[in-house]
Amino acid sequence: MFGIVRPCTHRLSEGLRTEWMAHLCGLCLALRADHGQFARIVTNYDGLIVSVLTEAQTGALPAGRRTAGPCPLRAMRTAPVAMGEGARLAAAVSLVLASAKVRDHVADRDGLLARRPVAAAARRVAAGWDRAGARTGAALGFDTALLVDAVDRQTGIETLAGPGTPLLTVTEPTETATAAAFAHTAVLAGKPRNAAPLAEAGRLFGRLAHLLDAVEDREADAASGAWNPLTVTGTSLTEARRLCDDALHGVRLALREVEFTDGQLVHVLLAHELRRSVDRAFGTSSCSHQGLQVPDGSFGPPPGNPYGPTPGNPYGPTPGNPYGPTPGGPAAPPPPRPPRDRRGLIAGCLVWAGLACTCQMCCGSYEDPWSRERREAPCQDCGDCCEACDCCGQCGEGCCCCGDSCGCDC
């Protein structure tokens, strides 16, 4: 799973978490339905934004959802998933951009791709994804040649780049590709007036995706000698951060001009989670479980600890023993535990294998494979993914920057 917008589910409300998973699973299943099982490996967090944007403009329709069968990634539970043109467009875009990523790794001779037989096989896979994405795009009225052309130009631009080359010259092909994908969601939704602001939001989103990928890979690329736009152009992290902050502001401004039927999930992903992605890449984010980050980079306890015990401990034991003997009568028995729908041995083993293979038993919480009881994994440190949501503070301009739909409880 790749992508820059990967929200921690602890920060999403139950409704938004269900919607986000519906689009993620919808992208995965659209890839399987149109292009086969192997294509599902290109499922990514950023591709689902195309599906989210399409539905945000039309509103959620009963025909846009179906119930998917059990999946190991959902602990063998069924779930509503998005379907329709938005999910199929997301699948086509994901295939073409994943193809570009493969070709980029081949050009950089990363890992096993430095071997000619492996590189040749990877090129064939990438070419197949290009053709598959073109077929789906054509069925939706979207010309994926725009994406392929942008990817092809990227290689030439990187070859000619050097010290002093403007960094935005290097990011331009990615910006063009994502602008085209975002704008076509307005066509699918039947709202052509949204195409221009969505193209601008997509262009800036593509810039952020390229820059954040370069920032996160900077040290690894330096160690391996791989091509990195920041190193090659001599761009400092300070300048890269300035460009990212400008792009964040531009995305918010562009989204103000878009007519959404229900833009809450878009707002959370592109106004708040995108900001956290930038903070995460530059190492300036903090986690509510670890305290606040101070200027020297260390972490200390949050002042006042708003999540600590309150005076009087309202959740502490009540006076007396509610299950003890009552005056003049026998002891009251404790209430019986509600019955649970336990899984059988074989079904539980299958669920356990799915949880183990997807690392859900390592971090966070999960449902016991047999008893279905809620369990806590050994690792509860989510890093920077579990910040408390500060809607009014994240925008930098107060709630007014987020539009009328933004309240402090979003």
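Keep in mind that this is a model prediction, so the values were computed, not measured.

Quick notes on the rules
- The residue numbers shown here count from 1 along each chain, following its written sequence.
- pLDDT decides what is reported in this predicted model: residues at 70 or higher carry local features, side-chain atom pairs at 80 or more are listed and counted, and totals for whole chains, interfaces and linings draw on all residues regardless.
- With hydrogens and water set aside, each side-chain value is computed from the structure's full complement of heavy atoms.
- By definition, any uninterrupted DSSP run of H or I lasting at least four residues is a helix, any uninterrupted run of E lasting at least two residues is a strand, and each is numbered from the N terminus.
- Throughout, a contact is declared for two residues whenever any of their heavy atoms are within 4.5 Å.
- Computed by Shrake-Rupley with a 1.4 Å probe, the accessible areas treat only the displayed protein chains as cover when residues are assessed.
- What makes a salt bridge here is a side-chain nitrogen of Lys or Arg within 4 Å of a carboxyl oxygen of Asp or Glu, nothing more.
- Relative accessibility thresholds used throughout: buried, under 20% of the residue-type maximum; exposed, over 50%; partly exposed, between the two (1.4 Å probe, protein chains only).
- In this scheme, strands are said to pair when DSSP sees at least two bridges between them.
- Between N-to-C directions, angles span 0 to 180 degrees; the directions come from axes that are lines fitted to C-alpha atoms, helices contributing only their stretch in contact.
- What sets the label is the angle itself: under 35 degrees gives roughly parallel, over 145 gives roughly antiparallel, 65 to 115 gives roughly perpendicular, and the rest give oblique.
- Three classes are used: nonpolar for Ala, Val, Leu, Ile, Met, Phe, Trp, Tyr, Cys and Pro, charged for Asp, Glu, Lys and Arg, and polar for all others, with Gly counted as polar.
- The length a helix should cover is 1.5 Å for every residue beyond the first.
- Here the bend at a residue is taken as the angle between two axes, fitted respectively to the seven residues that end there and the seven that start there.
- Residues belong to a common nonpolar core when they are buried Ala, Val, Leu, Ile, Met, Phe, Trp, Tyr or Cys residues joined through side-chain atoms within 4.5 Å.

1. Describing the overall build of the chain
Reasoning step 1: Looking only at helices and strands, the chain has 12 helices and six strands in total.
Reasoning step 2: Counting contacts in the chain only where the partners sit at least 6 residues apart, residues at least 24 apart contribute 65% of the total.
Reasoning step 3: Carbon and sulfur atoms form 59% of the exposed surface of the chain, whose accessible area is close to 21000 Å².

2. Some details on the pattern of salt bridges
Reasoning step 1: Evaluation of the coordinates by the stated rule reveals 19 salt bridges.
Reasoning step 2: As a salt-bridge pair, D245 and R275 come within 3.2 Å of each other at their nearest N and O atoms. Taken together, the residues span a long stretch of sequence, with D245 in helix α9 (residues 237-256) and R275 in helix α10 (residues 264-282) at a distance of 30 residues.
Reasoning step 3: The buried category is assigned to R275, whose relative accessible area is 14%.

3. So, the pairing of strand β1 (residues 65-71)
Reasoning step 1: When β1 meets strand β2 (residues 77-82), the two strands line up antiparallel, connected through five bridges. Its bridge partner lying in β2, T67 is registered against P80.
Reasoning step 2: Counting the residues in the hairpin turn of β1 and β2 gives five residues, including A75, whose phi is positive at 55 degrees.

4. Concerning the packing of helix α5 (residues 145-160) against helix α6 (residues 167-189)
Reasoning step 1: As a packed pair, α5 and α6 sit with axes 9 Å apart at the nearest point and diverge in direction by 175 degrees. As the angle between them shows, α5 and α6 are arranged roughly antiparallel. In contact with L146, L147, A150, R153, Q154 and I157 of α5, α6 contributes T169, V170, E172, P173, T174, T176, A177 and A180.
Reasoning step 2: Of the residues assigned to the contact of α5 with α6, the class counts are eight nonpolar, four polar and two charged.

5. Thoughts on the environment of L168
Reasoning step 1: Mapped onto the secondary structure, L168 falls in helix α6.
Reasoning step 2: With 61 residues separating them in the primary sequence, L168 and P229 have C-alpha atoms 9.9 Å apart.

6. Points about helix α7 (residues 195-224)
An α-helical segment advances 3.6 residues per turn. Residues three or four places apart therefore align on the same side.
Reasoning step 1: Taking 1.5 Å as the rise per residue, α7 with 30 residues should run 44 Å; its terminal C-alpha atoms sit 41 Å apart, in good agreement.
Reasoning step 2: At R218, α7 shows its largest kink, close to 55 degrees.
Reasoning step 3: One or two steps after α7, the chain reaches G225, where phi turns positive at roughly 80 degrees.

7. With respect to the nonpolar core
Reasoning step 1: Counting 68 residues, the largest nonpolar core has L270 and L274 as its most contacted members.
Reasoning step 2: Per element, the largest residue contribution to this core is 10 residues, and it comes from α7.
Reasoning step 3: If near-sequence neighbours (up to four positions away) are discounted, L270 is found in contact with I49, F182, F205, V251 and L255.

Scope: geometric values only; no functional claims are made or implied.
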